[in-house]
Amino acid sequence: MCLYEANPRLGGRANRIESNGFRFDTGPSLLNYPWVFERVFEAAGARMADYVDLLPVEPGVAFQWPDGTRFALSSDLAALIRSVESIEPGAAPGLMRFLSDAGAKYDMAFAKLVNRNVDNPVRWFFSLSPREFRRLSVWRSLYGEIGRFFKSPRIREALGSYGMYLGGSPFELPGFFSILPYGELAYGLWLPRGGVYGLVEGLERLARELGVDIYTNTPIERIETAGGAVRGVRRANGELDEFSVVVSNVDVPTTDSSLLGHEPRIAKRRGSIQRTRMTPGVLTFYWGVRGAVKGIGHHMIFLPEDYRSAFHDLFRGSAVPRGLPFYVSVASATDATLAPEGHSTVFVLVPLPLLSQMGDVDWDQQVAEVRARVLERLDRHGCGLTADRIEVEHVLTPCDWRDQFGLFDGSAFGAAHTLFQVGPFRARNYARELPGMYYTGASTTPGTGMPMVILSGQLTAQRVLAHEG
Ligand SMILES: Cc1cc2nc3c(=O)[nH]c(=O)nc-3n(C[C@H](O)[C@H](O)[C@H](O)COP(=O)(O)OP(=O)(O)OC[C@H]3O[C@@H](n4cnc5c(N)ncnc54)[C@H](O)[C@@H]3O)c2cc1C
């Protein structure tokens, strides 16, 4: 088995930047559902603990509003109750009902919906009993679903903000996505020692031990076909490597429009590729900061006062959202080895509309403006992080994300998870029109996020085994 990677390192979006003794994870910073990764190692006859050391991140994510309100999530139930009660006195029973309801949804989703290759929507839905189907809350928005358990707009906003990663506002995404905040509360948040990239290194080691031939710095220019089937991959240097099965981990719309753009059977789908709704883009900053960064913890999401407009701007607008919601991670707060002694690594993620929505952008100017607004907001909350403390700085714009990793339209998380882009409605993990062609990763089933793309690999492997024997 051969694996071709265009970049110098494996990991894709989950990459690493090293600079002056600081080590930054480029993309994912919140690792949840550790059981998914443990099972991959188990499937290979190995023990994850021998490859990756997971450090607990506690408390998990905290949310900060401009008026000073702060709300922290925790997988320690007593701490979570205290936190919820501080925002909405008397909400503890609602919290318990939320955990029980979202927990039942979560178990049902993984047992019957997420972890299966099913092409037929009717079969997919009929795997549920009528009671289970009702529990899914497909007719209710995520925001409305959370509102069944909490009156406080702050708690609804915090738990609903997970919709951003799914590519929809909490006012339009279906209610069953309450499984996202639940999964984080129930299974906790983790940081592999050495950063999220420590997980990539563990997986790479396992793959090499299993005999996978890995070629880095080897971009694939196109997937060759012959006689109506896959023939192999053409490297950018012109060499052809012949295979009867090719699995593309490149974003599905990029694979179809670029690597397979020459294939008439796939080109027929161009309309549906263009109609695929994608998750937003991101502008990301990597700051090596002198000294400790106080008052942020490990993960903090800064939400605006006008939450609804921010989501509207993100999904329907053509410019940086007015309220500028953003996320900050100080991974060195959990693993001090990520920065030189006494110093800090700071990662800032600012969601932006897709490149096609934003049109022509002067990125130098845009980056400077967003940076100033982020620093101003951090200052307002007394985080003590001023520009003069930033010793090292790297920035990735949505164009960089697109160009470096092949992310369609600069979308950070791949295809969105609207009701008609999940399960059997999502881009399939094989091309019916082109025998031997398979897909895996964030834009196919089951979806985006590190645990989901690992499950995606397993689902694609099952497809290959079923089809190719
Ligand atoms: C900024 C950011 C923050 C995120 N935060 C989180 C988080 O906190 N938690 C979480 O779980 N998820 C998070 N995600 C989502 C998560 O990173 C993705 O869902 C997941 O990493 C996608 O994996 P993938 O294998 O589908 O795609 P990729 O990681 O994009 O892998 C595709 C690979 O194909 C390579 N490639 C592309 N074109 C070619 C070519 N022509 N030839 C050869 N190789 C090629 C790319 O270099 C890349 O290595 C985040 C994503 C981003 C961008």
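Residues numbered from 1 in each chain as written. Predicted model: local features only at pLDDT ≥ 70, side-chain atom pairs only at ≥ 80, totals over all residues.

**So, the site of the ligand**
Cut-off, in case you're wondering: For each residue, a C-beta atom is positioned from the backbone; the residue is called near a molecule or strand if that atom sits within 6 Å of it. Elements are defined by DSSP. Helices are runs of H or I of four residues or more, strands are runs of E of two residues or more, and each kind is numbered from the N terminus. The residue classification treats Ala, Val, Leu, Ile, Met, Phe, Trp, Tyr, Cys and Pro as nonpolar and Asp, Glu, Lys and Arg as charged. All others, Gly included, are polar.
Around the ligand, 28 residues are found, and the nearest of them are Gly12, Gly27, Pro28, Gly406 and Gly441. Residue assignment for the shell around the ligand shows that the elements contributing at least two residues are β13 (281-289) and α18 (450-468). Residues that form the shell around the ligand fall into these classes: 16 nonpolar, 10 polar and two charged.

**A word on the sheet that holds β13**
Sheet strands pair via backbone hydrogen bonds, and the direction of the pair is either parallel or antiparallel. Put simply, the rule reads: Strands are treated as partners if at least two bridges between them are detected by DSSP. Fitted lines through C-alpha atoms serve as axes, helices being fitted only where they are in contact, and the angles separating the N-to-C directions of these axes extend from 0 to 180 degrees.
Strand order across the open sheet formed by seven strands is β6-β5-β14-β15-β16-β13-β17, with mixed pairing between neighbours. Strands at the two margins of the open sheet, each flanked by one partner only, are β6 (70-72) and β17 (390-396). Across the sheet, the mean angle separating the axes of adjacent strands is 20 degrees when strand polarity is ignored. Of the pairings in the sheet, the one linking strand β14 (residues 299-302) to strand β15 (residues 326-329) comprises four bridges and is antiparallel in character. When the bridges of β15 are listed, Ile301 appears paired with Tyr327.

**Points about helix α10 (residues 197-209)**
The cut-off we apply is this: Given a helix with a known number of residues, its expected span is that number minus one, times 1.5 Å. Any residue with 12 or fewer other C-beta atoms within 10 Å of its own C-beta is exposed, any with 20 or more is buried, and the rest are partly exposed; the C-beta atoms used are placed from the backbone. Once C-beta atoms are placed from the backbone, any two residues with those atoms within 7 Å are in contact.
Between its first and last C-alpha atoms α10 spans 18 Å; for 13 residues at 1.5 Å apiece the expected length is 18 Å, and the two agree. Residues of α10 that are buried: Tyr197, Gly198, Leu199, Val200, Gly202 and Leu203. Against the buried residues of α10 lie β2 (16-19), β3 (22-25), α1 (34-43) and β7 (189-192). Looking one or two places after α10, you find Gly211, whose phi comes out positive at around 95 degrees.

**Concerning the nonpolar core**
The test is simple: We define a nonpolar core as a collection of buried residues of the types Ala, Val, Leu, Ile, Met, Phe, Trp, Tyr and Cys that are connected via C-beta atoms lying within 7 Å of each other.
Phe177, Ile179, Phe326, Val328, Val346, Val348 and Val350 are the most contacted members of the largest nonpolar core, which totals 124 residues. If you tally residues by element for this core, the top one is helix α3 (residues 92-113), at seven residues. If sequence neighbours within four positions are ignored, Val346 has contacts with Trp287, Val289, Val293, Val328, Val330 and Leu385.

**Digging into the domain arrangement of the protein chain**
The following threshold applies: Boundary definitions for the domains trace back to an automatic or database domain assignment.
When cut into domains, the protein chain gives domain 1 (2-55 + 193-277 + 419-468) and domain 2 (76-176). For domain 1 versus domain 2, the distance between C-alpha centres works out to 28 Å. Each side of the interface is counted separately: domain 1 has 13 residues, and domain 2 has 13 residues. Looking at side-chain class alone, the side of domain 1 that touches domain 2 contains six nonpolar, four polar and three charged residues.

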